[in-house]
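Given next are the chains, with one letter for each unit.
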Amino acid sequence: YLMQYRDRAEGDEPYPPLTVEEFTGEYLLESQTGMTIDDVVQLMIEYPDIYMVTDTKETLETGLLIVFEEIIAAAEYYDPAVLDRFIPQLYNKEMIHWVKAIHPFENWIFTLYLYNNPDYDDIANYCISNGIQTVTLHVDRATKENVSKLKAKGLKVYAHTTNRYLTMKNLL
């Protein structure tokens, strides 16, 4: 995935996927290197207060299951207890059923960035009926009205991406 975010001229062919060696050896943000799922699980074992929110970008069942099967296999190999600290991020209403079929994760996040005009009452009811505790939405949609509809059902609400202090302060 790293290569797709590098600059390319319009119409250029996409870069081929990186090998594991290239991904883990490539510097991100000038000082960080990529991590494999084995690295992530080992880090979670070393630091038991780490929780990982998945951001698979997968919305189709086949690709999504491949990613979660890799997560589950690595966790089961090193320490199955870390699975309780993985939080699947869901992009559509079907995803929870696909993931629950392979593992009953404890915590879930439903993100709304792929929804053009979400019905917040419907989203809140869906989350509550499916055991989803948290909803994320774009900072521009984090209005008092929208957030209140979600919080009224007992949901936690996170806004993304907020990199400005005053914007964050106003959301509080």
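It should be emphasised that the depicted structure is a prediction, and the values quoted were computed from it without experimental measurement.

K.L.:
Any chance you could explain the overall build of the protein here in plain terms?
P.N.:
Of the regular secondary structure elements, the protein holds seven helices and eight strands. Considering only contacts in the protein between residues 6 or more positions apart, those separated by 24 or more positions represent 49%. Within the structure as shown, the protein displays about 11200 Å² of accessible surface, and the carbon and sulfur contribution to it stands at 51%.

K.L.:
What is the right way to read the packing of aromatic side chains from this model?
P.N.:
Two numbers describe a pair of aromatic rings. These are the distance of the centres and the angle of the planes. Summed over the entire model, instances satisfying the criterion amount to six aromatic pairs. Measuring from ring centre to ring centre gives 5.7 Å for Phe-68 and Phe-105, while their planes differ by 65 degrees; the resulting arrangement is edge-to-face. Taken together, the positions of Phe-68 in helix α3 (residues 61–78) and Phe-105 in the loop between α4 (95–100) and β6 (109–111) put the pair 37 residues apart, joining distant regions of the chain. By the burial criterion, Phe-68 is buried, and Phe-105 matches it. For the pair Tyr-91 and Tyr-113, a centre-to-centre distance of 5.8 Å together with 75 degrees between the ring planes defines the contact as edge-to-face. With Tyr-91 in the loop between β5 (89–90) and α4 and Tyr-113 in the loop between β6 and α5 (120–129), the pair connects residues that are 22 residues apart, well separated along the chain.

K.L.:
Help me out: how do you make sense of the packing of helix α2 (residues 37–46) against α3 in this one?
P.N.:
Working note: a packed helix pair is described by the angle between its axes plus the distance between those axes. Two elements in contact, α2 and α3, have axes separated by 9 Å at closest approach and are oriented at 45 degrees. Judged by the inter-axis angle, α2 sits oblique to α3. Seen from above, α2 lies across α3 with right-handed handedness. On α3, the residues touching Ile-37, Asp-38, Val-41, Gln-42 and Ile-45 of α2 are Glu-70, Ile-71, Ala-74, Ala-75 and Tyr-78. Per-class residue counts for the contact of α2 with α3 are seven nonpolar, one polar and two charged.

K.L.:
Please explain the environment of Ile-96 as it appears in this structure.
P.N.:
Here Ile-96 shows up in helix α4. Residue class for Ile-96 comes out buried when judged on its relative accessible area of 0%. Note: C-alpha distance between Ile-96 and Gly-131 (35 residues apart in sequence) is 9.7 Å. The residues touching Ile-96, leaving out its near neighbours within four places in the chain, are Leu-90, Trp-108, Tyr-126, Asn-130 and Ile-132.

K.L.:
Any chance you could explain α2 here in plain terms?
P.N.:
Quick reminder: α-helices carry 3.6 residues per turn. Residues three or four places apart thus point the same way. Of all the residues in α2, the buried ones are Val-40, Val-41 and Met-44. Along the long axis of α2, the arc covered by the buried residues comes to 95 degrees, so they all point the same way. On its buried face, α2 is in contact with β3 (52–53), α3 and β4 (86–87).

K.L.:
Explanation requested: unusual backbone geometry in the structure shown.
P.N.:
With glycine set apart, most residues show a phi of negative sign, and most peptide bonds adopt trans. Of note in the backbone geometry, Lys-57 takes a positive phi value of approximately 65 degrees without being a glycine. Position of Lys-57 relative to the elements: it lies in the loop between β3 and α3.

K.L.:
Before we go on, may I ask you to explain the nonpolar core in this structure?
P.N.:
One recurring pattern in soluble globular proteins is that nonpolar side chains are buried together. In terms of nonpolar packing, the biggest core is built from 36 residues, with Phe-86, Phe-105, Phe-110, Cys-127, Ile-132 and Leu-150 touching the most fellow members. Within the residue set of this core, elements represented by two or more residues are α2, α3, α4, α5, β7 (134–138) and α6 (144–151). Tallying contributions element by element places α3 first for this core, with seven residues. Apart from residues lying up to four places away in sequence, Ile-132 is in contact with Leu-90, Ile-96, Trp-108, Ile-109, Phe-110, Tyr-126, Cys-127 and Leu-155.

Cut-offs used in this document
- Residues numbered from 1 in each chain as written.
- Predicted model: local features only at pLDDT ≥ 70, side-chain atom pairs only at ≥ 80, totals over all residues.
- Heavy atoms only, no water.
- Helix = DSSP H or I, 4+ residues; strand = E, 2+ residues; numbered from the N terminus.
- Contact = heavy atoms within 4.5 Å.
- Areas by Shrake-Rupley, 256 points an atom, 1.4 Å probe, with all protein chains shown as cover.
- Phe/Tyr/Trp six-rings, centres within 6.5 Å; stacked < 30°, edge-to-face > 60°.
- Buried < 20%, exposed > 50% of the residue type's maximum accessible area, 1.4 Å probe, protein only.
- Axes fitted to C-alpha atoms, helices over the stretch in contact; angles between N-to-C directions.
- Parallel < 35°, antiparallel > 145°, perpendicular 65-115°, else oblique.
- Left-handed = near helix turned anticlockwise from the far one by under 90°.
- Nonpolar A, V, L, I, M, F, W, Y, C, P; charged D, E, K, R; others polar.
- Arc of directions from axis to C-beta.
- Core = buried A, V, L, I, M, F, W, Y, C linked by side-chain atoms within 4.5 Å.

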